[in-house]
Amino acid sequence: MECLFVSKEGRHTPVSLPDGKSILLGRGTNTKIIDRKCARQQVELIADYGSKTVMVKRLGVNPTWVSGTELQVGESVRLADGGVVLMVNERYPYSVMFGGSGGGGGGGGGQKTASSHSASKPGGRSESPRKTIKDFFPSKAPKRSSDDPKSGDAKRTRVEESLDGNEERSERDSGGEEEEQEDEEEVAEKLRSLHEIAQGSKVTATMTAATASSSSSSSSSSNAVALPGGRADSALGSPSACTRDRWEKEGNLLLFTAKGVRASAKVAGFDIDSTIITTKSGRVFATGPDDWKILYPEVPKKLKHLLEDGYKVVFFTNQMGIARGKLRADEFQAKVESIIVTLGLPVQVFVASGPGLIRKPMLGMWHHLIQKANDGIEVDIGKSLYVGDAAGRPANWAPGKKKKDFSCSDRLFALNVGLPFHTPEEIFLGWKTAPYSLPDFDPRMVSPSSPLFLPATATLCHEEPEVVVAVGFPAAGKSTFFKEHMVSKGYSYVNRDTLGNWQKCVAACEEALRGGHGVVVDNTNLEVDARKRYVDCARKAGVPCRCFLFTTTFEHAMHNNRFREAVGKEHVPVNVMVMNASRNKYVPPTADEGFSEIVRINFVPNFTDPELGALYRQFSEG
C-alpha cells in the first residue's frame, strides 16, 4: 500500500507518506509554494495505513483548513482517504490518496487525482494508465525565433508562473520515442530551474537589477546623510556570498543570513521596529505577525545604495517578548523572512530573544558578528554606521512627533561600539539631527581612583564592639564592601537575604554583641523605622551605632544590577519592580536618628579581569 499527498493544482509530484512516519510540509522546493504566508513547516502529516487515514497537525502561524474546518495552531485532525487539505489561507488544495499493494499502484492514483482535480474511488485507481513526471507540468510551448527579443523574458515568466501554480495547461504534442525523450529532458531542466528559483534566485535577480540602476539609486539618496567610506573597495568585501537562506541559534541569539549576503569591512547596522518597518495598524506594538509595513518608501532604495557601496547590511533587534513567552520564536522568524523578501535584498539579521550580553545596548550581537559571522573580515568602525529610533529624543523633537523616544538604547549601542549614529529620519529622509539626551548615569565616568570613603578622617574598622548599619539601594556594592573590608577584619555579618526576616537579623545582632564582636548589618535599610531597630539594639548593648551610607545613585545601582545579570555574578539579580520600590522608600539618614557617625561609601570598581572592566564601562540600558 502507498499513501500520497497530492496537489490538486498539479504543482509538483505527489509526496509519499510512509506508514507512521512524521512528514513536515510547507513552503519550499518539495511543494513549490513560495507564498510567505505559508511556513516552511506549515503542517505535520502522519499516515496510518491500517485505518487509511492521515493525521494532519497545523504548525504554521496562518490558518490551515482540513475538510472545510480551520485548524488552530497545534491542533490535529484525522483525514480520511480522499479528504482535502487547504495548506494555508484556503489556498493550495491537497488530497490524501491511499492505494495499491506495493510501489506502483498508488502512484498512478495520485497522478489521476492531480490531473482531474477530484478524489477518485480507491477501486478504480489501478486501472489508470501510469503517467510520467511531465504530466504534472505544461507541455512545450512553441519556440520563439532566435531574433525575438521577448524570448528570454517569456521563458522566465513561464517559470515564475509555474511556481505560483497559475500557468495555463496547453495541449501536449504527440510524437515518437525521440520527442518523448526530449520532453522528459525539458521537464528535468524545468525542475532544476524551479528548484533554483525556490531557493532564492529572486535575491540574485534583485541584486543584478540594483547594479544596473546604481546611478538612479544614488540620485534618489542624495538628500540623505553622507556616509563614511565612499565607494566600494574590492579589498573590503568577501569574494563569496551566502548560498542559501539559513537560521542559526546560539543561546538566546537567533541569526538569519539571507542568500546573497557578503562579508565586508564596512557594516551598515539598523534596528528593525520603527526603523525599517512600522505597524500597519498604527499602534505602538504590532497586533500580530502580519501587522507591519516598510517605514518609508526610501528604505529599500537606501539599503540598496549601501549594498552597492560595498556595505554589509545587518539588522540588530531586541525581542525580549520571546523569552517572556509573549512572542513565538517561529512567528518572529517568519516575520523576519517576510521583511527580507519584501525588501528584496540580502540582509543579515541578529535577534536578541532574551536578556544578557546579547541585548542592546550591550555588545553581544556585535561581538558575534565580528567574531563568527563576517567570514573573518575585520570590521572598520570608522567606515561603518548604525541607525535606530531609540535615540533619546525628547517629546516634540520634530513637528508631528509628540512622543519622546521610548529609550536611548540604539544610540547607546552605537556609542558602546564606537559607530557613527543616525536616526531613521536622518538616514532615509535627510532630516537634520534632532536634540537628544543621554542617561543620567554614564558608566564611563566611574573612576577607579575615587576615594573609597568620606570623610577621609574616618576609620573603617574599630577595635571596640559596635553596630554598623548599611543604607543603600540594592546592587549598590554593600555586600562586596563589607566582606572585603570588615568581615575579613572580624566583624559579624548580618544579612536579611540569608536569615530571612528582620527579627532574625536583630537577634543575630544582639548575639554578636553579647560575644563582644562588632556587627555589620548588610540590608538596604532605606527607611527610618528599619534603621531604628539596630540603633536601639546598639543602645541596649551600650555600644555606638554608625551609618555607612552607600552613595551609589539609583541609576548607578540599576546599571550594577544589569551588569550582574549579564555576566552571571554570584548575586541574584533584583527584579525591576523591587528596584523601583526601593527608590520610593528611600529616606536619607541623619545623625538625629542616633548615629554616632555617618560615613559615605563610594562605589570604586576594581576588576582584575580587564574584559570585565571594559564591559562594566559600557552602557547597559537606555
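Each value, and the rule that gives it
Residues numbered from 1 in each chain as written. Predicted model: local features only at pLDDT ≥ 70, side-chain atom pairs only at ≥ 80, totals over all residues. Heavy atoms only, no water. Helix = DSSP H or I, 4+ residues; strand = E, 2+ residues; numbered from the N terminus. Buried < 20%, exposed > 50% of the residue type's maximum accessible area, 1.4 Å probe, protein only. Contact = heavy atoms within 4.5 Å. Areas by Shrake-Rupley, 256 points an atom, 1.4 Å probe, with all protein chains shown as cover. Core = buried A, V, L, I, M, F, W, Y, C linked by side-chain atoms within 4.5 Å. Axes fitted to C-alpha atoms, helices over the stretch in contact; angles between N-to-C directions. Parallel < 35°, antiparallel > 145°, perpendicular 65-115°, else oblique. Left-handed = near helix turned anticlockwise from the far one by under 90°. Nonpolar A, V, L, I, M, F, W, Y, C, P; charged D, E, K, R; others polar. Pairing = 2+ DSSP bridges. Patch = residues over 30% accessible without salt bridge, like charges linked within 9 Å, V, L, I, M, F, W, Y side chains within 5 Å. Salt bridge = Lys/Arg side-chain N within 4 Å of Asp/Glu carboxyl O. Phe/Tyr/Trp six-rings, centres within 6.5 Å; stacked < 30°, edge-to-face > 60°.

Draft legend 1. Local environment of the overall build of the protein. Helix and strand counts for the protein come out as 17 helices and 27 strands. Buried positions account for 46% of the 622 residues belonging to the protein. Taking the intrachain contacts of the protein between residues at least 6 apart in sequence as the baseline, contacts between residues at least 24 apart amount to 71%. With an accessible surface of roughly 30,400 Å², the protein has 51% of that area assigned to carbon and sulfur atoms.

Draft legend 2. Main features of the nonpolar core. Among the nonpolar cores identified, the biggest contains 35 residues, and Phe270, Ile276, Leu303, Phe315 and Val349 are the most heavily contacted of them. Those elements that provide at least two residues to this core are strand S13 (253-257), strand S15 (267-270), helix H5 (298-308), strand S18 (312-318), helix H7 (329-343), strand S19 (348-352), strand S20 (385-387) and helix H10 (424-429). By residue number, the principal contributor to this core is H7, which donates five residues. Ranked by size, the runner-up nonpolar core spans 24 residues in total, among them Ile23, Leu25, Leu71 and Tyr94.

Draft legend 3. Spatial organisation of the packing of helix H15 (residues 554-567) against helix H16 (residues 576-585). At a minimum axis separation of 11 Å, H15 and H16 run at an interaxial angle of 160°. With respect to H16, the element H15 is oriented roughly antiparallel. Seen along the crossing, H15 lies across H16 with a hand that is right-handed. Contacts between H15 and H16 involve Phe554, Glu555, Ala557, Met558 and Asn561 from the former and Val576, Met579, Asn580, Ser582 and Arg583 from the latter. Each residue belonging to the contact of H15 with H16 can be placed in one class, and the counts come to five nonpolar, three polar and two charged.

Draft legend 4. Structural view of unusual backbone geometry. Along the chain, Lys360 connects to Pro361 via a cis peptide bond; the corresponding omega equals 10°. By secondary structure assignment, the location of Pro361 is in the loop between S19 and helix H8 (364-372). The linkage connecting Leu454 with the following residue, Pro455, adopts the cis geometry, with an omega of 0°. As for its position among the elements, Pro455 is in the loop between strand S22 (453-454) and strand S23 (467-471). Even without being a glycine, Asn396 presents a positive backbone phi close to 60°. Here Asn396 is to be found in the loop between S20 and helix H9 (409-417).

Draft legend 5. Representation of the environment of Met445. Its location among the elements puts Met445 in the loop between H10 and S22. Using a relative accessible area of 61% as the deciding quantity, one classes Met445 as exposed. Counting along the chain gives 172 residues from Met445 to Arg617, while the straight-line C-alpha distance between them is 8.1 Å.

Draft legend 6. View of the pairing of strand S10 (residues 91-99). Among the nine residues of S10, eight are classified as buried, and the element is accordingly described as predominantly covered. By the bridge criterion, six bridges tie strand S1 (residues 2-7) to S10 in an arrangement that is antiparallel. Looking at S10, one finds that Cys3 is bridged to Phe98. Two strands pair when backbone bridges link them, and strand S9 (residues 84-88) and S10 are joined in this way by four bridges, in the antiparallel orientation. Its bridge partner being in S10, Val85 is matched across the sheet by Tyr94.

Draft legend 7. Quick peek at a nonpolar patch on the surface. A cluster of nonpolar residues, Leu415, Tyr436 and Leu438, forms a patch on the protein surface that exposes about 250 Å² of accessible area. Its location among the elements puts Leu438 in the loop between H10 and S22. A relative accessible area of 34% means that Leu438 is categorised as partly exposed.

Draft legend 8. Just the packing of helix H13 (residues 502-514) against helix H14 (residues 528-541), in detail. It is the contact of H13 with H14, at a shortest axis distance of 10 Å, that shows an interaxial angle of 25°. Between H13 and H14, the angle falls in the class roughly parallel. Like other packed secondary-structure pairs, H13 and H14 cross with a definite hand, here right-handed. Along the contact surface, H13 presents Trp502, Cys505, Val506, Cys509, Glu510 and Leu513, while H14 presents Arg533, Tyr534, Cys537, Lys540 and Ala541. Broken down by class, the residue content of the contact of H13 with H14 amounts to eight nonpolar, no polar and three charged.

Draft legend 9. Region of the structure containing the packing of aromatic side chains. Throughout the structure, instances matching the rule amount to 23 aromatic pairs. An angle of 55° between the planes, with centres 5.5 Å apart, marks the rings of Phe473 and Tyr586 as tilted. A residue pair is termed long-range when its members are at least 10 positions apart, and Phe473 in the loop between S23 and helix H11 (478-485) and Tyr586 in the loop between H16 and strand S27 (597-601) qualify at 113 residues. Classification of Phe473 as buried rests on a relative accessible area of 10%. Centre to centre, the rings of Phe481 and Phe550 are 5.6 Å apart; their planes meet at 85°, and the pair counts as edge-to-face.

Draft legend 10. Geometry of the sheet that holds S18. If you trace the seven strands from one edge of the open sheet to the other, you get S12-S13-S19-S18-S15-S20-S21, paired in mixed fashion. Looking at strand neighbours, the two that pair on one side only are strand S12 (246-250) and strand S21 (421-422), the edges of this open sheet. Its contacts with the sheet put H7 on S12, S13, S18 and S19, and the angle it makes with S13 is roughly 30°.

Draft legend 11. Structural detail: H9. In terms of burial, H9 is largely enclosed, as eight of its nine residues are buried. Here H9 has its buried residues at Ser409, Asp410, Arg411, Leu412, Phe413, Ala414, Asn416 and Val417. Structurally, H9 contributes buried residues whose contacts are with S18, H8, S20 and S21. Downstream of H9 by one or two residues, Gly418 has phi in the positive range, about 100°.

Draft legend 12. A look at the pattern of salt bridges. Applying the stated rule across the entire model yields 21 salt bridges. Between Asp35 and Arg91 there is a salt bridge, with its nearest N and O atoms 3.4 Å apart. Taken as a pair, Asp35 in the loop between strand S3 (22-25) and strand S4 (43-48) and Arg91 in strand S10 lie far apart in primary sequence, 56 residues in all. Under the relative-accessibility criterion, Arg91 is labelled partly exposed at 40%. For Arg546, the salt bridge goes to Glu597, with nearest N and O atoms at 3.3 Å. With Arg546 in strand S26 (residues 545-550) and Glu597 in strand S27, the pair connects residues that are 51 residues apart, well separated along the chain. Residue classification places Glu597 among the partly exposed residues on the basis of a relative accessible area of 24%. Within the structure, one salt-bridge network assembled from shared partners comprises Arg27, Arg36, Arg40, Asp245 and Glu337.

Draft legend 13. Spatial organisation of the environment of Pro474. Note that Pro474 resides in the loop between S23 and H11. Considering only alpha carbons, one finds Pro474 and Pro573, 99 residues apart in sequence, at a separation of 9.3 Å.

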